Amino acid sequence: MATTAASNLRIPSLGNRLSSLSLSSNKLSPFSISLRNPRCNSRFIVLAAASLGGKPTVLVSEKLGEAGLNLLKEFANVDCSYSLTPEELCTKISLCDALIVRSGTKVTREVFESSGGRLKVVGRAGVGIDNVDLAAATEHGCLVVNAPTANTVAAAEHGIALLVAMARNVAQADASVKAGKWQRNKYVGVSLVGKTLAVMGFGKVGSEVARRAKGLGMHVIAHDPYAPADRARAIGVELASFDEAIATADFISLHMPLTAATSKILNDETFAKMKKGVRIVNVARGGVIDEEALMRALDAGIVAQASLDVFTEEPPPNDSKLIQHEKVTATPHLGASTVEAQEGVAIEIAEAVVGALRGELAATAVNAPMVPAEVLTELKPFVVLAEKLGRLAVQLIAGGSGVKTVKVTYASARAPDDLDTRVLRAMITKGLIEPISSVFVNLVNADFTAKQRGLRITEERILLDGSPESPLEFIQVQIANVESKFESAISDTGEIRVEGRVKDGIPHLTKVGSFEVDVSLEGSILLCRQVDQPGMIGRVGTILGEENVNVSFMSVGRIAPGKQAIMAIGVDEEPSKESLKMIGDVPAIEEFVFFKL
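All values reported here derive from a predicted model rather than from experimental measurement.

Caption draft 1: Inspection of the overall build of the protein at higher detail. For the protein, the helix and strand inventory stands at 18 helices and 25 strands. Scored against the burial criterion, the 597 residues of the protein give a buried share of 54%. Long-range contacts, defined here as pairs at least 24 residues apart, represent 68% of the contacts in the protein between residues at least 6 apart. Carbon together with sulfur atoms contributes 51% to the accessible area of the protein, which is approximately 25800 Å² in total.

Spelled out as structure tokens, the structure:
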């Protein structure tokens, strides 16, 4: 007879530790995600961690609007420490659950390593996140959120302001008049009407610049490999290739992020392809322009003028030849610097960080799958089910077996394009790894953690007939090439197999191996394989009752009357070893397993 307590399972192949991710019980207490079924006590941890017995701590390393700070203070302890050196930041970060930065603070791998796993959210008060090491954040399970909408209009307006000021030599003429000169002929400008503007990067800011430029009578083209053509057509913009855009433009406005692909994308080679006399505006990132190459293009007359709000090094050196160039208009990174935008950014990033610390999946997360809020709401009970099935499946494995291959099957009447399973896959990964590891798994690092441990998870979908009103009919998890400490969990094809459904908003276990069961996945569960005969439910229930173990539910699934059956018992307390031994000694019970969910 097999008797085992699966909660003590350790599997060597999944036993590696990531010390930087460990959750120490004397330091941290995990919050529960808000995506939970109100009728179910089961919860799953996604992001948040805070000091035991107190509020989480948020470090604000650069100035943030008062409205945002007030929002943060309602929920957390707020430490406003500005102008920290990298060493000071690394020292402070181990005491913080969240960090809010602007563009001046570099959040490096060292910062995440120094956090000791406590840092769960980095908030970037603005759009660009090139000052945050996203790979390191993901590896350490830290969510990175930004504030992409609040300063969109401000950045677009500043881009248009620089465009117009450049075309009409406003800054140079202003300086000349203040110097006591009156040089009307020197500062003759160019008209914008009928000119071609190439918007390089057709995201939120780029599209707003395009709208305003159309209002000025300009012909607008855009380059963005990810921009949908219908969105461009809706505002009268033509999409073009990179080379076509820079070759035909009279004005070029840059609105692309700084990445490995866009670093110094405007260089000697690309300047040589431009129309002579082109004018360039950059309110994106300084690093997208090779500044030395721009100097050469200005001196050669290829670029007639440049208006720059951003630079490779900020602030630029006092002796910068580019800043001093007579054909350059420069501003000190003012794209988001309006009263309204500063207030909006502060509120937006504060809300995102607080939401993340509460366990909500932020819509502005940049290193986690972007799952629409309506999808998350609909999948709530299935998210709980997915994690429970993962936890159950891994605790059925016999010690010493290595988990390498997991197959997840989703049965649904919906077309594949209408069923987003990324959150479900992440929660199954969480359920598989966390019970046998100190690693904290969430939507951010689930795929990375699985890959790091050699765990291959494949997904299959079964398209059912019927109404697609419910997103899923059932979820099935199979683990191949392992031994099971509960033989009945092995399917006809040799894998550990568990299957579950959501009933009345509550996750249920509905199949173990080839046996049909009906078990609410709450608390702890005892599974017994027995000979189907009268009195079995009463005998097991009596043993548990004498130990003051409350039975919350009981279900029996059988092959046929008088044959083998699986009895599933839900309990509120963990039975003693003596109670488990007594259950195992019942002659008709052939094997049993107890595990915690």
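Now that the structure is up, let's keep going.
Caption draft 2: Local environment of the pattern of salt bridges. Within the structure shown, the criterion is met by 25 salt bridges. In this structure, Lys-407 and Glu-460 form a salt bridge, with 3.3 Å as the shortest nitrogen-oxygen distance. Residue Lys-407 is found in strand 16 (residues 405-412), and its partner Glu-460 is found in strand 17 (residues 456-463); the two are separated by 53 residues along the sequence. The residue Asp-518 makes a salt bridge to Lys-503 at a minimum N-O spacing of 3.2 Å.

Caption draft 3: The sheet that holds strand 5 (residues 77-80), seen in detail. Strand order in the open sheet made by the five strands is 5-4-6-7-8, with parallel pairing throughout. At either margin of the open sheet sits one strand with a lone partner, and together these are strand 5 and strand 8 (143-146). Averaged over neighbouring strand pairs, the angle between their axes works out to 20° when direction is ignored. Of the strand pairs in this sheet, strand 6 (residues 98-101) and strand 7 (residues 121-124) are connected by four bridges, and their pairing is parallel. When the bridges of strand 7 are listed, Ala-98 appears paired with Val-121. Relative to the sheet, helix 1 (residues 66-75) contacts strand 4 (57-60), strand 5 and strand 6, its axis offset from that of strand 5 by approximately 140°. Seen against the sheet, helix 13 (residues 339-357) touches strand 4, strand 6, strand 7 and strand 8 and runs at an angle of roughly 170° to strand 7.

Caption draft 4: Just helix 18 (residues 577-584), in detail. Turning to helix 18, its buried residues number three or more, namely Ser-579, Leu-580, Ile-583 and Gly-584. Looking down the long axis of helix 18, one finds its buried residues gathered within 140° of arc, a one-sided arrangement. Exposed side chains of helix 18 directed beyond 90 degrees from the buried face belong to Lys-577, Glu-578 and Lys-581.

Caption draft 5: Representation of the packing of helix 1 against helix 13 within the structure. One can describe the packing of helix 1 onto helix 13 by two numbers: an axis separation of 7 Å at closest approach and a directional angle of 20°. Looking at the two axes, helix 1 sits roughly parallel to helix 13. The handedness of the crossing between helix 1 and helix 13 comes out as right-handed. Here helix 1 contributes Ala-67, Gly-68, Leu-71, Leu-72 and Phe-75 to the contact with helix 13, which in turn contributes Glu-343, Ala-346, Ile-347, Ala-350, Glu-351, Val-353, Val-354 and Leu-357. Classifying every residue of the contact of helix 1 with helix 13 gives ten nonpolar, one polar and two charged.

Caption draft 6: Spotlight on the packing of helix 5 (residues 152-167) against helix 7 (residues 204-215). Helix 7 packs onto helix 5 with a crossing angle of 50° between their chain directions and a minimal axis gap of 8 Å. One element, helix 5, and the other, helix 7, form an angle in the oblique class. Crossing of helix 5 against helix 7: the hand is right-handed. From helix 5, Thr-152, Val-153, Ala-155, Ala-156, Glu-157 and Ile-160 reach across to helix 7, where they touch Lys-204, Val-205, Glu-208, Val-209, Arg-212 and Ala-213. Among the residues forming the contact of helix 5 with helix 7, the class breakdown is seven nonpolar, one polar and four charged.

Caption draft 7: Quick peek at the pairing of strand 9 (residues 196-200). Buried residues dominate strand 9, accounting for five of its five residues. Judged by which residues are buried, strand 9 turns out to be covered on both faces: Thr-196, Ala-198 and Met-200 on one side and Leu-197 and Val-199 on the other are all buried. As paired strands, strand 9 and strand 10 (residues 219-223) are joined by five bridges and run parallel to one another. Residue pairing in the sheet places Val-199 in a bridge with Ala-222 of strand 10. In terms of handedness, the path from strand 9 via helix 7 over to strand 10 forms a crossover that is right-handed. Relative to strand 12 (residues 251-254), strand 9 is paired through four bridges, and the arrangement is parallel. Within strand 12, the residue paired with Leu-197 across the bridge is Phe-251.

What counts as what
Residues numbered from 1 in each chain as written. Predicted model: local features only at pLDDT ≥ 70, side-chain atom pairs only at ≥ 80, totals over all residues. Heavy atoms only, no water. Helix = DSSP H or I, 4+ residues; strand = E, 2+ residues; numbered from the N terminus. Buried < 20%, exposed > 50% of the residue type's maximum accessible area, 1.4 Å probe, protein only. Contact = heavy atoms within 4.5 Å. Areas by Shrake-Rupley, 256 points an atom, 1.4 Å probe, with all protein chains shown as cover. Salt bridge = Lys/Arg side-chain N within 4 Å of Asp/Glu carboxyl O. Pairing = 2+ DSSP bridges. Axes fitted to C-alpha atoms, helices over the stretch in contact; angles between N-to-C directions. Arc of directions from axis to C-beta. Parallel < 35°, antiparallel > 145°, perpendicular 65-115°, else oblique. Left-handed = near helix turned anticlockwise from the far one by under 90°. Nonpolar A, V, L, I, M, F, W, Y, C, P; charged D, E, K, R; others polar. Right-handed = clockwise from strand over helix to strand, strands pointing away.

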